[in-house]
Every structure is written in structure tokens, then in C-alpha cells.
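A structural walkthrough
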Amino acid sequence: MDVGHQLDWPVRLRIEQAGAPVLHTPARDVSLEQLATPGVQQLIEMMFATLRGVGVGLAAPQIGLPLRLVVIEDPAPAHAAVDPDLLLAQGRVPVEPHVLVNPVLTVEDAEQAEFFEGCLSVEGYRAIVPRARSVRVRAVDRTGAPLERIAIGWYARILQHEIDHLDGRLYTERMRARTFVTAENSRIFWSDVPVAEVLERLESG
Ligand code: ZN
């Protein structure tokens, strides 16, 4: 895992796409010894560099490694292009960069929130995916220290999406199938339409 030489920044890793076996197979725990190695610490930096500007969460299987490790960052500048009403409805607030190792998720509020989401491993598409409104995550951070959080809104969605990756699941297994659209068409036809109306129109056919 240690690359053995200094890398030029920023380095973007290749992101595996749907169909790669690593995305459809449960990943394995990271030991604390493994986590402390320079190789894994550098891998975390490379995952953040890969994520920045293109997404809000990245799981190790997406870069081809079957490890239970996720990086998340949803910085305020990423919200500038999003309709403020949508941000409010999504419960989306900035989330600082952090790492979850061996995370375990439990549902706090099973009521479902439905919004379009996309995935760097299902490039070019989006779908409406029901997700629990609130979840609790227990994990260790990149230093190996225990971490526990209760998440609501968009952050809860990010956690469910990313931790699904560790179990070999993509959002396509949870989506409302008739809402699966290209990212381009989601912008052209559906970006200003309330989710309830999108569901009514796409699912009534
Ligand atoms: Zn994803």
C-alpha cells in the first residue's frame, strides 16, 4: 500500500464503475495497525484529493480497495450552485472533512426522505432514492480514536450511501427505478420540479 515515493499533488485516483466486482462485494475491516501505516494514511489523502470538486463522499471500494474506509467532505462552496430552497429541504449543511473506518450504521429515524442522488461509480446518472432521515454512525477516525455521531438530513444520506458501498451495494439497488435518468436530463427536465411531482410524473407511466 505504501507507494514508496513522493507523489505530486493533487493526485486523482481512478474511480471504479458499476460492474467492477469490488463494488458488488462486501469490504473487509481495516485493522488499527493497518490504519496507522503511512500507506493507508497517504491513501486517505489521495481519496480526499480524488473527491474534492467532484463529490461529497468516497468509499475505498470505489478506488478498487475492498476496505471499510470512507472519506466525507461537503464544503460550503459546493452549495453555492444549489437552490437554497432545495438545500433547506434536503437538510444540507456543510460537513467538515473526516474519515470513517469500520463504520456501523443504525437508523435513528426511519421516516424516508426522497431526493435525487448520484454516485461517482454510476457516472452520468441520477435517481430518486429513499433514505432514512436520521442515522447513528459508530466508527473510528483516521487516528484510530472511536467516533460516534447522529446525522440528519443530507449528511445522513451521505452516510447511508457510502456505507452501502462497504456492503457492496449501489444506490441502484435502492432507487425508485423509474426515476433513473441521465444527470444531464435531471438538470434539463427535473431540477426545478418538486420531488413529489417528479415521482408522480415518472412513476405514473
Ligand atoms: Zn457512490
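Scoring rules and cut-offs
- All chains use their own residue numbering, which begins from 1 and follows the written sequence.
- In view of the model being predicted, local features appear only for residues whose pLDDT reaches at least 70, and side-chain atom pairs are presented and counted only at 80 or more, with totals across whole chains, interfaces and linings using the full set of residues.
- To get the side-chain values, all heavy atoms of the structure are used, and hydrogens and water are removed first.
- A side-chain nitrogen of Lys or Arg and a carboxyl oxygen of Asp or Glu constitute a salt bridge if their distance falls within 4 Å.
- The helix and strand labels rest on DSSP assignments: H or I over at least four residues marks a helix, E over at least two residues marks a strand, and numbering proceeds from the N terminus.
- Throughout this description, buried means an accessible area under 20% of the type-specific maximum (1.4 Å probe, protein chains only), exposed means over 50%, and partly exposed covers the range between.
- Centre distance within 6.5 Å is the pairing criterion for rings of Phe, Tyr and Trp, where only the six-membered ring of Trp is used; planes under 30 degrees apart are then read as stacked, over 60 as edge-to-face, and the remainder as tilted.
- The rule for donors is simple: N, O or S, within 2.8 Å of the metal, or within 3.2 Å if the metal is Na, K or Ca. Water isn't counted, so a site may look like it is missing partners.

**Side note on the pattern of salt bridges**
Here the structure, examined in full by the defined rule, presents 19 salt bridges. Between Arg136 and Glu108 there is a salt bridge; the shortest N-O distance is 2.9 Å. Here Arg136 is found in strand β4 (residues 125-140), whereas its partner Glu108 is found in strand β3 (residues 95-117), with 28 residues between them in sequence. Residue class for Arg136 comes out partly exposed when judged on its relative accessible area of 21%. When its relative accessible area of 37% is taken as the criterion, Glu108 is described as partly exposed.

**Things to note about the packing of aromatic side chains**
Counted under the stated rule, the structure contains two aromatic pairs. Ring centres of Tyr125 and Phe180 lie 4.9 Å apart, and the angle between their planes is 10 degrees; this geometry places the pair in the stacked category. Within this pair, whereas Tyr125 is found in strand β4, its partner Phe180 is found in the loop between α4 (153-166) and β6 (181-182), the two being separated by 55 residues in sequence. By relative accessible area, Tyr125 is classed as partly exposed at 37%. Judged by its relative accessible area of 33%, Phe180 is partly exposed.

**Quick word on the coordination of the zinc ion**
Bound to the zinc ion are the protein donor atoms Cys119 (SG), His161 (NE2) and His165 (NE2), situated 2.0 to 2.2 Å from the metal. Each donor residue of the zinc ion lies on one chain, and together they are spaced C-x41-H-x3-H. One end of the pair, Cys119, is in the loop between β3 and β4; the other, His161, is in helix α4, with 42 residues separating them in the sequence. Pair check on accessibility: Cys119 and His161 agree, each one buried.

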